[in-house]
Each structure stands twice: as structure tokens, then as C-alpha cells.
Amino acid sequence: MKINNQHFRTIWLKPGDSGIVQIIDQRKLPFEFIIEELHNLGEMSVAIKDMHVRGAGLIGAAAGYGMYLASLEAGDITFKDEVFKSGKLLKATRPTAVNLQWAVNRHLELLRNCISLEEFRDKSLHLANAIADEDAAMCRSIGDHGLKVIENLSKKKLGETVNILTHCNAGWLAFTDYGSATAPIYLAHDKGIKVHVWVDETRPRNQGARLTAWELGSHGVPHTVIPDNAGGHLMQHGLVDIVITGADRVTNSGDAANKIGTYLKALAAKDNQVPFYVALPSSTFDWAMTDGIREIPIEQRDAHEMKFMEGVLQDGSIAEIQIIPDRHAVENYGFDVTPARLITGLITERGICQANQESIRKLFTEKY
Ligand code: MRU
């Protein structure tokens with residue numbers, strides 16, 4: 001992704017200092033573009049938990065670099081125990097997105113076979129970089145497959161604008177590059193296909209209004225931010241041709257956990273015969289889970305996210321204001337599960353399949 005003509009990923013090692021990981025602090029967007037430096041496991045854990053970095057793919061990549069940073073702090077003799085504990089700490093930061101566990105487990109597997117700290121440090125650095133690169137490559141392929149769906153809709157509409165609704169941010173910022181739900185949109189736009197994106201604002205943290213809109217705007221993709229509750233109305237009036245969302249964990253039978261509110265969009269899409277696609281890299285499948293509603297852990301986040309909102313005051317300063325008085329109880333579920341029966345298709349790096357075991361198995365035979 002280019003910001004002011006400079007190519008950025010969302011996470012990288014500081015050039016010239018492989019002991020420092022650099023990230024874009026997403027809490028500050030779209031008001032400020034700040035690069036933050038992370039020096040150790042503790043800082044990386046806070047960055048994931050407090051959402052300086054966020055989105056399934058990116059927290060997987062961040063966890064990979066977190067394990068590498070943990071190796072730099074570990075002692076010669078005790079490194080296996082220490083790194084194992086670091087993995088446990090990282091896994092607890094965000095429970096719903098499976099990419100985080102997937103990345104930590106890959107490092108733990110590596111750890112098991114290393115005989116010295118030095119060996120683990122070298123290999124862990126290599127693995128962290130590989131996880132970030134793989135993430136970008138998978139998203140790029142998702143883009144190629146999803147593009148065909150948008151192309152077909154554009155043909156059906158005789159070249160008229162294809163209206164795509166998306167929820168939360170499954171964009172470049174949620175991965176190391178390209179995004180999952182946004183990758184087909186960027187490719188379609190770059191190919192000259194007319195697209196327009198309805199961006200759900202996505203309360204309470206407003207990742208749609210703050211991040212997706214910023215990303216799409218930076219890339220020149222026409223878009224409109226809408227309140228979270230507007231999607232059903234737009235669909236009833238023929239203003240949505242397709243819904244594409246990301247996912248934080250998808251079961252082997254195609255149930256998909258994504259940002260809270262996604263399920264309601266899927267219900268409205270079904271009622272209005274609007275195709276509903278979920279875009280995900282294979283690192284977001286939880287091959288061990290089948291029943292998403294019963295099995296996927298749903299993160300509950302701090303009430304502060306509900307009660308306070310951040311924005312720009314008239315004098316240009318950034319401020320947080322309270323919108324729900326303390327006397328009210330609030331609940332802040334981060335995710336919900338869309339059952340497979342509401343999903344038209346899963347767009348993966350290996351192609352598009354239906355949201356059921358048989359169809360997923362055809363693409364990922366080795367996982368069953
Ligand atoms: O809480 P977040 O912002 O980390 O939530 C994850 C998401 O961005 C969405 O659920 C997204 O659609 C998943 S795709 C990475």
C-alpha cells in the first residue's frame with residue numbers, strides 16, 4: 001500500500017536494527033500517521049491487546065515478531081521455558097482471531113527442535129519474516145480470485161458501478177499488505193471496473209469509518225461511510241450488489257467469526273438475495289473446530305471502548321469524549337459468528353469454495 005507515494009507494509013523490522021519491530025500505530029488513524037517502535041515482548045503484547053495493531057492477519061504477523069523479540073530477551077539455559085511462556089502470554093492477548101495462535105504455534109514447533117538459543121533466534125527471525133511475507137502473498141491471491149466475482153457482477157450490470165458492502169476493516173491494515181476483503185476491490189478498481197464501497201462504521205471502535213475509509217480513500221476507491229444499521233435498508237432498495245467481509249476464525253465447516261454485527265449483515269443479505277462472501281487466508285481456518293457458535297471463543301473488550309469516542313475538535317486537536325454515562329452497564333462483545341448457511345462463498349488464496357466441509361476439503365485436502 002502506498003502512503004504519500006511510499007510503499008508501506010503494516011509491520012516490519014527496523015532497517016539497520018533487527019532488535020526493533022516497527023508498526024503503524026492504528027489507534028491514531030486517520031488523524032495521525034505514526035510509526036511506533038517495539039523493543040520487546042512486553043511492548044508487542046500491549047500493542048496487540050490495546051490494538052495498536054489489529055486484524056487477524058496482522059496480529060498473526062505481530063505474534064510472529066513477538067516470539068522473535070522474546071528470543072532476544074531469553075537466557076541461554078532457560079530459553080525454552082521462557083519462550084514457551086511468552087507464547088502463552090501472546091495467545092491470551094486476543095482470543096478470537098486464530099492467526100495469532102497459528103503463528104505462535106509455528107514458533108513453538110520450531111523451538112522444540114532447536115538445540116541452542118542462538119539457533120532459535122536465527123530461525124525465529126526467519127520464520128517471523130516468512131509469516132509476514134506469506135500473509136501478503138495469500139492476500140494477493142485472494143484478490144485474484146475475488147476479482148472474478150466482481151468482474152462477473154460488473155458484466156451483469158453492463159459496466160454499471162458494482163456496489164460492495166463491507167464491515168469493519170479487512171483491508172491492508174488488517175494484514176501485512178493488500179487485505180482480504182479489500183484485495184479484490186483494489187484489483188477491480190485498478191483494472192478500471194467501476195466499484196463503490198459501502199463502509200459500515202463498525203462501532204464501537206469504528207474500524208470501518210476510521211481505517212477502511214482511510215485506506216480506500218488513499219487508494220482512490222469511491223466509498224461512502226454508513227451507520228452500522230443502514231445495510232439492511234440499502235439491500236432492500238437494490239443498492240448493494242455483494243457483501244464481502246473478512247474473518248477472524250472460520251471452522252472446518254464454514255462458520256465464520258468476524259467483527260460484531262457481521263451476522264446481522266448476513267441475515268439481511270440472505271433475505272434480499274444479495275451474495276455474501278467471506279474472504280480469508282487459510283491461516284484463518286481453525287481446522288479443529290466444526291460448530292462456530294458453540295466453539296469459537298468470543299472476546300469481550302473493555303467498556304471504555306463503548307463509553308468513549310475519539311475525534312477531532314474544532315481547533316484541530318484530538319480528544320476523547322464520553323458518550324455513555326458511567327451509571328449504565330454496557331457489554332462489549334468483539335465478534336459474532338455467521339453460520340455457514342448464510343455464506344455464499346469463501347474466497348481463499350487457493351480459490352473460491354462453498355462454506356461447507358465437502359467444498360472446503362476439495363481446496364485443502366491435506367487438512368482433513
Ligand atoms: O478487533 P479487530 O479490529 O482486530 O477485528 C478484526 C477485524 O478487523 C475484523 O473482524 C475483520 O473483518 C477481520 S479480517 C482481518
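Residues numbered from 1 in each chain as written. Predicted model: local features only at pLDDT ≥ 70, side-chain atom pairs only at ≥ 80, totals over all residues. Heavy atoms only, no water.

The next subject is the sheet that holds strand S16 (residues 335-338). Ordered in space as S13-S10-S11-S16, the 4 strands form an open sheet in which the pairing is mixed. With partners counted over all chains shown, the strands left at the sheet margins are strand S13 (285-286) and S16, one partner each. Of the strands in this sheet, strand S11 (256-259) and S16 are in contact with helix H9 (residues 262-271), which crosses S16 at around 30 degrees. (Pairing = 2+ DSSP bridges. Helix = DSSP H or I, 4+ residues; strand = E, 2+ residues; numbered from the N terminus. Contact = heavy atoms within 4.5 Å. Axes fitted to C-alpha atoms, helices over the stretch in contact; angles between N-to-C directions.)

End to end, helix H5 (residues 117-156) covers 58 Å across 40 residues, agreeing with the expected 58 Å (1.5 Å per residue, within 8%). The axis of H5 is deflected most strongly, by about 25 degrees, at glycine 146. A positive backbone phi angle near 50 degrees is found at leucine 158, which sits one or two residues after H5. (Expected span 1.5 Å × (residues − 1). Bend = angle between axes of the 7 residues up to and from the residue.)

For the rest of this paragraph, the subject is the sheet that holds strand S7 (residues 195-200). Read from one edge of the open sheet, 7 strands run S8-S7-S6-S9-S12-S17-S18, paired in mixed fashion. Since the sheet does not close on itself, it has two edges, and those belong to strand S8 (223-226) and strand S18 (351-353), each with one partner. Across this sheet, the average inter-strand angle for adjacent strands is 25 degrees, counted without regard to direction. For strand S6 (residues 162-166) and strand S9 (residues 242-245), the ladder comprises 2 bridges, and the chain directions are parallel. Along S9, the bridge assignment pairs leucine 165 with valine 243. Packed onto the sheet, helix H7 (residues 207-219) meets S6, S7 and S8 and runs at close to 165 degrees relative to S7.

The next thing to look at is the pattern of salt bridges. Scanning the model with the defined rule gives 18 salt bridges in all. Lysine 307 serves as the salt-bridge partner of aspartate 326, at 3.5 Å between the closest nitrogen and oxygen. Taken together, the residues aspartate 326 in the loop between strand S15 (318-322) and S16 and lysine 307 in helix H11 (residues 304-307) connect sequence positions 19 residues apart. The class of lysine 307 is buried, set by a relative accessible area of 11%. Across the salt bridge formed by glutamate 366 and arginine 350, the nearest N and O atoms sit 2.9 Å from each other. Here glutamate 366 is found in the segment after helix H12 (357-363), whereas its partner arginine 350 is found in the loop between strand S17 (345-348) and S18, with 16 residues between them in sequence. Because the salt bridges share partners, they merge into one network encompassing Arg94, Arg205, Glu299, Arg301 and Glu305. (Salt bridge = Lys/Arg side-chain N within 4 Å of Asp/Glu carboxyl O. Buried < 20%, exposed > 50% of the residue type's maximum accessible area, 1.4 Å probe, protein only.)

Once that is clear, we can look at the site of the ligand. The environment of the ligand is made up of 17 residues, and the closest members are Arg54, Arg94, Asp248, Asn258 and Lys259. One nitrogen or oxygen atom from the side chain of arginine 94 is found 2.7 Å from an oxygen atom belonging to the ligand. Within the contact set of the ligand, an oxygen atom lies 3.0 Å away from a backbone nitrogen or oxygen of asparagine 169. Burial of the ligand by the protein chains amounts to 100% of its free accessible area of 400 Å². Both domains that meet at the shell around the ligand, namely domain 1 (2-134) and domain 2 (143-367), each give it at least three residues. (Near = heavy atom within 4 Å. Polar contact = N/O pair within 3.5 Å; in protein donor to acceptor, adjacent residues only side chain to side chain. Areas by Shrake-Rupley, 256 points an atom, 1.4 Å probe, with all protein chains shown as cover. Domains from an automatic or database assignment.)

Along the chain, alanine 279 turns up in strand S12 (residues 276-279). What makes alanine 279 buried here is its relative accessible area of 0%. For alanine 279 and phenylalanine 364, which are 85 residues apart along the polypeptide, the C-alpha to C-alpha distance reads 15 Å. Here alanine 279 is in contact with Ile142, Ser180, Ala181, Ile244, Thr245, Gly246, Ala247 and Ile347, once residues within four sequence places are set aside.

Describing an aromatic ring pair means giving the distance of the ring centres and the angle of the ring planes. Scanning the entire structure with this criterion turns up 8 aromatic pairs. Ring geometry for tryptophan 287 against phenylalanine 364: centres 5.4 Å apart, planes inclined by 50 degrees, an arrangement best described as tilted. Pair noted here: tryptophan 287 is in the loop between S13 and helix H10 (292-295) and phenylalanine 364 is in the segment after H12, with a separation of 77 residues, a long-range link. An aromatic cluster is defined as three or more aromatic residues linked by ring pairs; in this entry it consists of Phe8, Trp12, Phe33, Trp172 and Trp214. Sitting over the face of the ring of phenylalanine 335, lysine 259 holds its NZ or CZ atom 4.1 Å from the ring centroid. A cation over a ring is seen here: arginine 361 above tyrosine 368, with NZ or CZ 4.9 Å from the ring centre. (Phe/Tyr/Trp six-rings, centres within 6.5 Å; stacked < 30°, edge-to-face > 60°. Lys NZ or Arg CZ within 6 Å of the ring centre and 35° of its normal.)

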